[in-house]
Amino acid sequence: MQSLNSIKRLKQWAARLKTEIIALYLVLKHPQTPLYAKLFVALVVGYALSPIDLIPDFIPVIGYLDDLILLPMGIAIAIRLVPPDLMQACRKEAIEHPLAVRPKNWIAALVIVTLWLALILVVISNFVA
């Protein structure tokens, strides 16, 4: 019984995170969002919607670190940067009209791939030198 409750809570938490990402996506497009908030929200939403993770999931243990810790922490910080009334309005819109198809952020994917390629080049250059 305990494990069923834990699974139910985990599913609810995941659904809330999805709603928050959609709301932050709407915040990003809103003209009243302050510039400093837009910049951070753009990073969080871009990473959340990127088809590529910074830390690939196939890496044991730390592969899920970004999904379980970094992304929720980024979402929490982004929410604090947005004016509460604006965040509430965007949350309401996200709940009433959730996006049918989650947009992919290929720019964020390109940045992540570039970081991995740079890391690989650094490692290779250290072994060759």
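Residues numbered from 1 in each chain as written. Predicted model: local features only at pLDDT ≥ 70, side-chain atom pairs only at ≥ 80, totals over all residues. Heavy atoms only, no water.

**Description of the overall build of the protein chain**
Secondary structure summary: the protein chain contains 5 helices and 0 strands in total. Mapped from its N terminus to its C terminus, the protein chain presents α and β elements in the order α-α-α-α-α. The burial tally for the protein chain puts 29% of its 129 residues in the buried class. Sequence separation of 24 or more characterises 74% of the internal contacts of the protein chain that already satisfy a separation of 6 or more. Counting only carbon and sulfur atoms, one obtains 72% of the accessible surface of the protein chain, whose full area is about 9000 Å². (Helix = DSSP H or I, 4+ residues; strand = E, 2+ residues; numbered from the N terminus. Buried < 20%, exposed > 50% of the residue type's maximum accessible area, 1.4 Å probe, protein only. Contact = heavy atoms within 4.5 Å. Areas by Shrake-Rupley, 256 points an atom, 1.4 Å probe, with all protein chains shown as cover.)

**Side note on the pattern of salt bridges**
Applying the stated criterion to the full structure yields 1 salt bridge. Note that Glu20 and Arg91 form a salt bridge whose closest N and O atoms lie 2.8 Å from each other. Here Glu20, found in helix H1 (residues 2-29), pairs with Arg91, found in helix H4 (residues 84-96); they are 71 residues apart in sequence, far enough to count as distant. Given the relative accessible area of 15%, Glu20 is considered buried. (Salt bridge = Lys/Arg side-chain N within 4 Å of Asp/Glu carboxyl O.)

**Overview of the packing of H1 against H4**
One can describe the packing of H1 onto H4 by two numbers: an axis separation of 8 Å at closest approach and a directional angle of 120°. Viewed along their axes, H1 and H4 adopt a mutual orientation that is oblique. As H1 runs across H4, the sense of the crossing is right-handed. Residue-level inspection shows Thr19, Glu20, Ile22, Ala23, Leu24, Leu26 and Val27 of H1 in contact with H4, the latter providing Met87, Cys90, Arg91, Glu93, Ala94 and Ile95. Of the residues in the contact of H1 with H4, the class split is 9 nonpolar, 1 polar and 3 charged. (Axes fitted to C-alpha atoms, helices over the stretch in contact; angles between N-to-C directions. Parallel < 35°, antiparallel > 145°, perpendicular 65-115°, else oblique. Left-handed = near helix turned anticlockwise from the far one by under 90°. Nonpolar A, V, L, I, M, F, W, Y, C, P; charged D, E, K, R; others polar.)

**Comments concerning H4**
Under the 1.5 Å per step criterion, the end-to-end length of H4 is 18 Å for 13 residues, consistent within 8% with the ideal 18 Å. Along H4, the residues classified as buried are Leu86, Met87, Cys90 and Ala94. Down the axis of H4, the buried set is contained in an arc of 95°. They therefore lie on one face. H4 presents Pro84, Asp85, Lys92 and Ile95 as exposed residues on the side facing more than 90 degrees away from its buried surface. Next to the buried residues of H4 lie H1 and helix H3 (65-81). (Expected span 1.5 Å × (residues − 1). Arc of directions from axis to C-beta.)

**Description of helix H2 (residues 35-49)**
Between its first and last C-alpha atoms H2 spans 20 Å; for 15 residues at 1.5 Å apiece the expected length is 21 Å, and the two agree. Among the residues of H2, those classed as buried are Ala37, Val41, Val44, Val45, Gly46, Tyr47, Ala48 and Leu49.

**Things to note about the nonpolar core**
The biggest cluster of nonpolar side chains holds 23 residues, and the ones touching the most others in it are Leu24, Val41, Leu71, Ile75, Val82, Met87 and Cys90. Counting residues per element, the ones that place at least two in this core are H1, H2, H3 and H4. Setting aside chain neighbours within four positions, we find Val82 in contact with Leu24, Val27, Ala37, Val41 and Met87. (Core = buried A, V, L, I, M, F, W, Y, C linked by side-chain atoms within 4.5 Å.)

**Some words on the confidence of the model for the protein chain**
The predicted model of the protein chain has a mean per-residue pLDDT of 81, with 90% of residues at 70 or higher. Least confident of the elements in the protein chain is helix H5 (residues 106-128), whose mean pLDDT is 78; most confident is H4, at 92. (pLDDT = per-residue confidence, 0-100.)

**Some thoughts on a nonpolar patch on the surface**
The grouping of Val61, Ile62, Tyr64, Leu65, Leu68, Ile69, Leu70, Met73 and Ile77 at the surface amounts to a nonpolar patch, some 840 Å² of accessible area in total. Mapping Ile69 onto the fold places it in helix H3. (Patch = residues over 30% accessible without salt bridge, like charges linked within 9 Å, V, L, I, M, F, W, Y side chains within 5 Å.)

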